[in-house]
Every structure is written in C-alpha cells, then in structure tokens.
Amino acid sequence: LNPLPISHLNLSKTKITDESLSLIRSSFGGTLGSLELDDCHLLTKAGLLVFFTPDSSLGPTVRLRRAVLSNLGPAVDDDVASAAFKTADVRGAGDGLTHVSVRGTKVSDRSMEALAAHGRSSLALLDVSFCHGISNAGLGYLCEQAGPRFKKLKVWGMNRLT
C-alpha cells in the first residue's frame, strides 16, 4: 500500500521525537510542503539535520514552502536553518520557502544569509522574534536581497536591532 500524500503537517506542542520525524520523512517527504514544529522540545539538532539533509537512503528530500521551527531552543541553529532553507530551493524557480518562523531559536546572521541565498525570490513572511543572534547587519542583508513577495517581518524581543 502506498500512503496518501500529506502536504501540511502541524505537530506543534507534541512529543514528537527524532525517530518519528525520520518516519515522516521516509513516508511523506516528497509531498510535504508545510511543516509546523512549534514547541516540540524532544527534537534534537541531529534529528532535524537528518530530516533536512538530502540523502535518498532516508527517503525523498523534504521541499517545504512553509516551515515553522519555532521555540525549539538550541535544536534549531544556523546549521539546521541553513539545511532547511537549502532543500526548499532546489527548483530555483522562485517556488521555495514562502513562510518561515524560527522564533525563539539560536539562529544568527548566518541563517539570514542562507535564507537570502535560497529563499529571496519566494519569501513572503519571516518571524525571527526573540532570535538574539541576529543583528541589524544580518536582517538588513536579508531585507535588501528579498524579492517583491516579502511583505511581513516579525521581530518581537529583538533588543539588538535599532
């Protein structure tokens, strides 16, 4: 039996583990376009890297248009964010990530550079609230590179921005 394709999956505030995330990738990775993992505190950096790293032995690569990786603390850093942004952009036709939330994570200016490189033509909304590693320079660079679809930026709790 082939499983039904799933295009949107909201697992926010659940006790999902790295192992479960791997099963989701192997079953639905090729069809999943939207993933919400807000406040999923059992996930680790290692598990998220496996989920987003292209490797055919793990199942189809995930090609998200909407990624909510919020309030995952140290599990989401520049390495994880960059991997997520990079896999979403393989088509190169501006149909990559449109909505990104990394609110309350350990991302920095390096993630803003990666998002500019891989999502500038498709990005419409970005939430980096409470990401204290992002500076004026990093956010300014992303805003300069973003295309005309970029309409909404959330920066609550960003005490480094002026």
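Residues numbered from 1 in each chain as written. Predicted model: local features only at pLDDT ≥ 70, side-chain atom pairs only at ≥ 80, totals over all residues. Heavy atoms only, no water.

K.L.:
Is there a simple way to explain the overall build of the protein in this structure?
P.N.:
In terms of regular secondary structure, the protein is built from 5 helices and 6 strands. Ordering the α and β elements of the protein from the N terminus gives β-α-β-α-β-α-β-α-β-α-β. For 162 residues, the compact-globule estimate of 2.2 N^0.38 gives 15 Å, and the C-alpha radius of gyration of the protein, at 15 Å, lies within 12% of that figure. Principal-axis analysis of the C-alpha atoms gives the protein an extent of 55 × 35 × 20 Å. Counting all 162 residues of the protein, 48% fall into the buried class. Within the protein, contacts between residues separated by at least 24 positions form 85% of all contacts whose residues are at least 6 apart in sequence. Here the protein has roughly 7900 Å² of accessible surface; of this, 56% comes from carbon and sulfur atoms. Separation between the mean location of the 18 positive side-chain charges and that of the 15 negative ones in the protein comes to 5 Å. (Helix = DSSP H or I, 4+ residues; strand = E, 2+ residues; numbered from the N terminus. Rg over C-alpha atoms; globule rule 2.2 N^0.38 Å. Buried < 20%, exposed > 50% of the residue type's maximum accessible area, 1.4 Å probe, protein only. Contact = heavy atoms within 4.5 Å. Areas by Shrake-Rupley, 256 points an atom, 1.4 Å probe, with all protein chains shown as cover. Lys, Arg positive; Asp, Glu negative; His and termini not counted. Charge placed at Lys NZ, Arg CZ, Asp CG, Glu CD.)

K.L.:
What is the right way to read unusual backbone geometry from this model?
P.N.:
Excluding glycine, most residues fall at negative phi; most peptide bonds, likewise, are trans. Look at Asp39: it is not a glycine, yet its phi comes out positive at around 60°. Within the fold, Asp39 resides in the loop between β2 (34–36) and α2 (45–52).

K.L.:
Help me out: how do you make sense of the environment of Lys151 in this one?
P.N.:
Among the structural elements, Lys151 can be located in the loop between α5 (136–145) and β6 (152–154). Lys151 gets classed as exposed once you look at its relative accessible area, which sits at 70%. Measuring from C-alpha to C-alpha, the distance between Lys151 and Leu58 comes to 35 Å, with 93 residues separating the pair along the chain.

K.L.:
How do you make sense of helix α3 (residues 78–88) when you look at a structure like this?
P.N.:
An α-helical turn contains 3.6 residues, so any two residues separated by three or four positions project in the same direction. Most of α3 is tucked away: 9 of the 11 residues are buried. Along α3, the residues that are buried comprise Asp78, Val80, Ala81, Ser82, Ala83, Ala84, Phe85, Thr87 and Ala88. Buried residues along α3 sit in contact with α2, β4 (99–101) and α4 (109–119). Where α3 begins, the side chain of Asp77 points an oxygen toward the backbone nitrogen of Asp79, at a separation of 3.1 Å. (Polar contact = N/O pair within 3.5 Å; in protein donor to acceptor, adjacent residues only side chain to side chain.)

K.L.:
Help me understand the packing of α4 against α5 in this model?
P.N.:
Each packed pair of helices is defined by two parameters, the angle between the axes and the distance between the axes. Two elements in contact, α4 and α5, have axes separated by 8 Å at closest approach and are oriented at 10°. Considering their axes alone, α4 and α5 lie roughly parallel with respect to each other. Seen from α4, the contacting residues are Asp109, Met112, Glu113, Leu115 and Ala116; seen from α5, they are Gly138, Leu139, Tyr141, Leu142 and Gln145. Among the residues forming the contact of α4 with α5, the class breakdown is 6 nonpolar, 2 polar and 2 charged. (Axes fitted to C-alpha atoms, helices over the stretch in contact; angles between N-to-C directions. Parallel < 35°, antiparallel > 145°, perpendicular 65-115°, else oblique. Nonpolar A, V, L, I, M, F, W, Y, C, P; charged D, E, K, R; others polar.)

K.L.:
Looking at this model, I keep getting lost on the packing of aromatic side chains. Mind explaining?
P.N.:
Geometrically, a pair of aromatic rings is defined through the distance of the ring centres and the angle of the planes. All chains considered together, the criterion is met by 1 aromatic pair. Where Phe51 meets Phe52, the ring centres are 5.0 Å apart and the plane angle is 85°; that geometry is what we call edge-to-face. (Phe/Tyr/Trp six-rings, centres within 6.5 Å; stacked < 30°, edge-to-face > 60°.)

K.L.:
Explanation requested: the nonpolar core in the structure shown.
P.N.:
As a rule of thumb, soluble globular proteins bury nonpolar side chains together. One finds Leu37, Leu48, Phe52, Leu126 and Val128 to be the most contacted residues of the largest nonpolar core, which totals 45 residues. Secondary-structure elements contributing two or more residues to this core are α1 (18–28), α2, α3, α4 and α5. It is α3 that provides the largest number of residues to this core, a total of 6 residues. Apart from the residues within four sequence positions on either side, Phe52 is in contact with Arg25, Leu64, Leu69, Val80, Ala83, Ala84 and Thr87. (Core = buried A, V, L, I, M, F, W, Y, C linked by side-chain atoms within 4.5 Å.)

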